[in-house]
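Working through the structure, step by step
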Amino acid sequence: TGGSARYMHAPVLLPDGALVSGLTFYFKDNHASSDMIARLFRNNDPGIGDRLKLAQASSPTGISWPGNAYSPTTPNPVEIDNGRYNYEVEVEWSSGSSDLRLMSVKLFYTNP
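All residue numbers here refer to positions counted from 1 along the written sequence of the relevant chain. Only residues with pLDDT of at least 70 are given local features in this predicted model, and only at 80 or more are side-chain atom pairs given and counted; all residues enter the totals for whole chains, interfaces and linings. Hydrogen atoms and water are omitted, and side-chain values are computed over all heavy atoms in the structure.

Side note on the environment of Ala-55
Numbered from the N terminus, helices here are DSSP runs of H or I no shorter than four residues, and strands are runs of E no shorter than two. Considering the arrangement of structural elements, one finds Ala-55 in strand S4 (residues 51-58). In sequence terms Ala-55 and Phe-41 are 14 residues apart; their C-alpha atoms lie 7.4 Å from each other. In what follows, residue pairs with any heavy atoms lying within 4.5 Å of each other are defined as contacts. Leaving out residues up to four positions away in the same chain, Ala-55 has contacts with Leu-23, Ala-38, Arg-39, Leu-40, Ser-71, Pro-72 and Thr-73.

As structure tokens, then:
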């Protein structure tokens, strides 16, 4: 709940060739002036250390307890290529407060 860098990261491990179409972010937001953002990233694109944002969904600024937000991927769909890239979900809190709670992030995909 403190500090300036309020992020959480989780690896995304999907089968090679899976087609990801979107992300839904589930949250509990009881903070009047802050929000949270969930993002799907493809890392090492096109070089080591580079990342490409594929989807982003956020809680609204203001109280929205509980809630969810959906974001399609760009491009749509995204084909998972585990040989070239790795993938992660990142959640960012705009302020350190126990009134902002990450509940879950769901990725929508079809198997290859």
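Don't stop here, the text continues.
Things to note about the nonpolar core
Val-12, Leu-14, Leu-23, Phe-25, Leu-40 and Leu-107 are the most contacted members of the largest nonpolar core, which has 23 residues in total. Among the elements of the structure, strand S2 (19-29), strand S3 (36-43), S4, strand S7 (86-93) and strand S8 (100-110) are those that each provide at least two residues to this core. Apart from the residues lying within four places of it in its own chain, the contact partners of Leu-14 are Val-20, Ile-80, Asn-82, Leu-107 and Tyr-109. Grouping buried Ala, Val, Leu, Ile, Met, Phe, Trp, Tyr and Cys residues that are joined through side-chain atoms within 4.5 Å yields what is termed a nonpolar core. Relative accessibility decides the category of a residue: with a 1.4 Å probe and only protein chains considered, values under 20% of the type maximum give buried, values over 50% give exposed, and everything between is partly exposed.

Let's talk about the pattern of salt bridges
Whenever Lys or Arg places a side-chain nitrogen within 4 Å of a carboxyl oxygen from Asp or Glu, that contact is recorded as a salt bridge. Enumeration according to the criterion identifies four salt bridges in this entry. Here Arg-39 makes a salt bridge to Glu-92, at a shortest N to O gap of 2.9 Å. One end of the pair, Arg-39, is in strand S3; the other, Glu-92, is in strand S7, with 53 residues separating them in the sequence. Measuring nitrogen to oxygen at the nearest pair gives 3.1 Å for the salt bridge that ties Glu-88 to Arg-51.

Structural notes on the confidence of the model for the protein chain
Values of pLDDT, the confidence the predictor places in each residue, fall between 0 and 100. Averaged over the protein chain, the pLDDT score is 91; the fraction of residues at 70 or greater is 96%. Least confident of the elements in the protein chain is strand S5 (residues 64-72), whose mean pLDDT is 90; most confident is strand S6 (residues 78-79), at 97.

Brief notes about unusual backbone geometry
Across residues other than glycine, the phi torsion is negative in most instances, and most of the peptide bonds are trans. The omega angle of the peptide bond from Thr-74 to Pro-75 is 0°, so this bond is cis rather than trans. With respect to the secondary-structure elements, Pro-75 resides in the loop between S5 and S6. That bond from Asn-76 to Pro-77 is cis: its omega, -5°, falls within 30 degrees of zero. Along the chain, Pro-77 falls in the loop between S5 and S6.

A closer look at the packing of aromatic side chains
Centres within 6.5 Å are what make two rings of Phe, Tyr or Trp a pair, Trp counting through its six-membered ring; a difference in plane orientation under 30 degrees is then read as stacked, over 60 as edge-to-face, and the rest as tilted. With the rule as written, the count across this model stands at three aromatic pairs. Seen from their ring centres, Phe-25 and Phe-27 are 5.3 Å apart, and the 50° between their planes marks the pair as tilted. Pair check on accessibility: Phe-25 and Phe-27 agree, each one buried. Between Tyr-85 and Tyr-87, the ring centres sit 6.5 Å apart and the planes meet at 70°, which makes this aromatic pair edge-to-face.

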